[in-house]
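Architecture at a glance
One-letter residues, chain by chain:
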Amino acid sequence: MRWSRSLIPTLKETPAEAENKSHVLMLRAGMIRKLGSGTYSYLPLGQRTLNKITAIVREEMDAAGALEVLMPALWPAEIMARSGRLEVFGDDLIRFTDRHGRQGVLAPTHEEVITALVRDNVASYRQLPLNLYQIQTKFRDEVRPRFGVLRTREFIMKDAYSFHADQESLEETYRDMHDAYCRIFERCGLDYVVVEAESGAMGGARSEEFMVSSSVGDDLYLECAACGYAANAERAEVGAPPSAAERKADPQLREVPTPGASTVAQVGGMLGVAPEQIIKTLIYRADGRPVAALVRGDHELNEAKLARALGAKSVEAADAETVESATGAPVGFAGPVGLEGIEMVADPAVLRIENGVTGANRAEAHLVGVVPGRDFQPGRIEDIHTASDGDPCPRCGEAMKLSHGIEVGHVFQLGTKYSKLLNATFLDASGRERPYVMGCYGIGVNRIAAAAVEQLADERGIVWPPAIAPYEVVVVPLDMSDEKIVAAAEEAYEALRQVGADVILDDRRDRPGVKFKDADLIGFPLRVVVGKGYLKSGELELQVRRDGSQSDVPPGELGGRVRAMLEQLVRLLDPPEV
RNA sequence: CGGGGCGUGGCGCAGCCUGGAUUAGCGCGCCAGCAUGGGGGGCUGGAGAUCGCGGGUUCGAAUCCCGCCGCCCCGACCA
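Residues numbered from 1 in each chain as written. Chains lettered and ligands numbered in written order. Predicted model: local features only at pLDDT ≥ 70, side-chain atom pairs only at ≥ 80, totals over all residues. Heavy atoms only, no water.

As a further point, take the sheet that holds strand β31 (residues 550-553). Spatially, the 5 strands line up as an open sheet ordered β28-β27-β29-β30-β31, and their pairing is mixed. In this open sheet, the two edge strands, each paired with only one partner strand, are β28 (503-505) and β31. Averaged over all pairs of adjacent strands, the angle between strand axes in this sheet comes to 25 degrees, irrespective of strand direction. Pairing of strand β30 (residues 540-544) with β31, which is carried by 4 bridges, proceeds in the antiparallel orientation. Bridging across to β31, Leu 542 finds its partner in Ser 551. (Pairing = 2+ DSSP bridges. Helix = DSSP H or I, 4+ residues; strand = E, 2+ residues; numbered from the N terminus. Axes fitted to C-alpha atoms, helices over the stretch in contact; angles between N-to-C directions.)

Written as structure tokens, this is what we have:
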């Protein structure tokens, strides 16, 4: 491609709306332009990157035995009404009414359609397992689209769905998909972490997310550097806290007035104690029955963990009436001391508090000098707080690190949830009718591009991993009025095309500075410069965007050298073996 | 949904509070020309704006008032 024939509107200045790295740089590099909130056009450069990503995704999906299909994005609303997800998605669903007054939606994900498709066209276990995927635009009316292409209302997703006769078969495909995902993200040059994810209420279901560490990531996950345990913050288990040293103090339990102070922050402020010393007592309803859940003041109760610990189907915060009848005090003054007639679950961290503060079960009063074990005895001790930075790893006990991450992929064992809901069954070998066991697997295509920019960009601009760069190499003639230079650049361009390199020739009649700045901004992995040096020595300069290194190359060796360097760059970008 | 902010040539901004002389200004980009050719450089001359939309106040509105629309940020929500 000749630069002068393409459409690459680079920007010197940052558009006011852009905040984070990938948004600013993709806009400035002329890859994307915004149409409305959360909707973007991809210009030639942006589309090339997207195409490279989808090509990698296709290759790996096909290699893993998945079959590509294409389903509609435009649905009659009743499809989702039938599965009950009209309510589940709620306002996230983009709805419309057509000319006949029929209700429609734009597809946010495809479980219903694929399940019905397989139900109606597959009937026997002989055809299983079956793994179908598509690469297609999804629509979600995000409450707040943000961070450029990272969170949009319209995005490209690779979604795959697998159908099995049994759990064992599902697990095999699940592993294959997991491995294919690892290869995809490695090939895309991303440094990623696979984290355990919250699987929801359905027991047995497994789920993992693929995270790219980034400060603009919307997800939180914990990682243990010592043993490699990693999990989404909602999911992460917390190991036992280090065993308490001998108690130094034996504080006296007494009640103090705390008028108007009902939150941890207020109580802490009024009594001059740190949140870590406060025992937060939360009254919940687990399948209807009230329970008291105790966590440290600086910790957050994790409802999924509480439900699991109690073996409850659902837990919800109790209403004010329940709280009052259970504790005898208004909301905000509950405490474990003297609390009777209600099941009590305490987080292990609570038991390490030496001199605690907690509600007195009386309005406007708290207890100080509380010693767990001495002043109250919880019925159960369970990990029920949401993991936070520094919490001990559940496997090895080392401190875990909390990071923000961009979720670029997600694999999930669905089980029979949708097949049962939609009555999708097959006949097994003994002629029995059984629901499909299903898995689903998603990848955010645009997000991979944005995540790569977030992760690798430097002060000069984007640094593309070669596999997803819009062009692998740019040839830059520095003086378009010099025939020798132009001729040499044309030859280099041809030579690179001959060896199959993805190359663009910057044939604009601009000054060198403009060309260098643009090349840096867009982030082509390699740059071939033809200028004074060539006139003197007859050699071309080969420059590496990533580290700024350069070397002289005789024109005859250019093709081979570029190929070799691109391969080397791919290896440099490989994440360390996990 | 709550809070904050913004809409002025393609982009970044000024002007608005204290209506009128600014012909709506500046920088970047764009077009033509000259010189230049190793990091967004210089000179000359141009093109390009119904000041988000609608209504109102006024002799007069980019500027004041009302309504609407769009966009951004923080938070809540959601996966």
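That was the structure; now back to the text.
Before going further, it helps to examine the pairing of strand β10 (residues 207-213). In terms of burial, β10 is a largely internal element, 6 of the 7 residues being buried. Sheet topology places strand β9 (residues 192-196) next to β10; 5 bridges connect them, and they run antiparallel. Across the sheet, residue Val 195 finds its bridge partner in β10, namely Glu 209. Bridge count between β10 and strand β23 (residues 401-415): 7 bridges; the pairing is antiparallel. Bridge pairing links Ser 213 to Gly 405 in β23. (Buried < 20%, exposed > 50% of the residue type's maximum accessible area, 1.4 Å probe, protein only.)

With that out of the way, let us pick up helix α13 (residues 483-498). The end-to-end C-alpha separation of α13 is 22 Å, in line with the 22 Å expected for 16 residues at 1.5 Å each. Those residues of α13 lying buried are Ile 485, Ala 488, Ala 489, Ala 492, Tyr 493 and Leu 496. Viewed along the axis of α13, the buried residues span an arc of 140 degrees, placing them on a single side of the element. Among the exposed residues of α13, those oriented more than 90 degrees off its buried face are Glu 483, Lys 484, Glu 491 and Gln 498. (Expected span 1.5 Å × (residues − 1). Arc of directions from axis to C-beta.)

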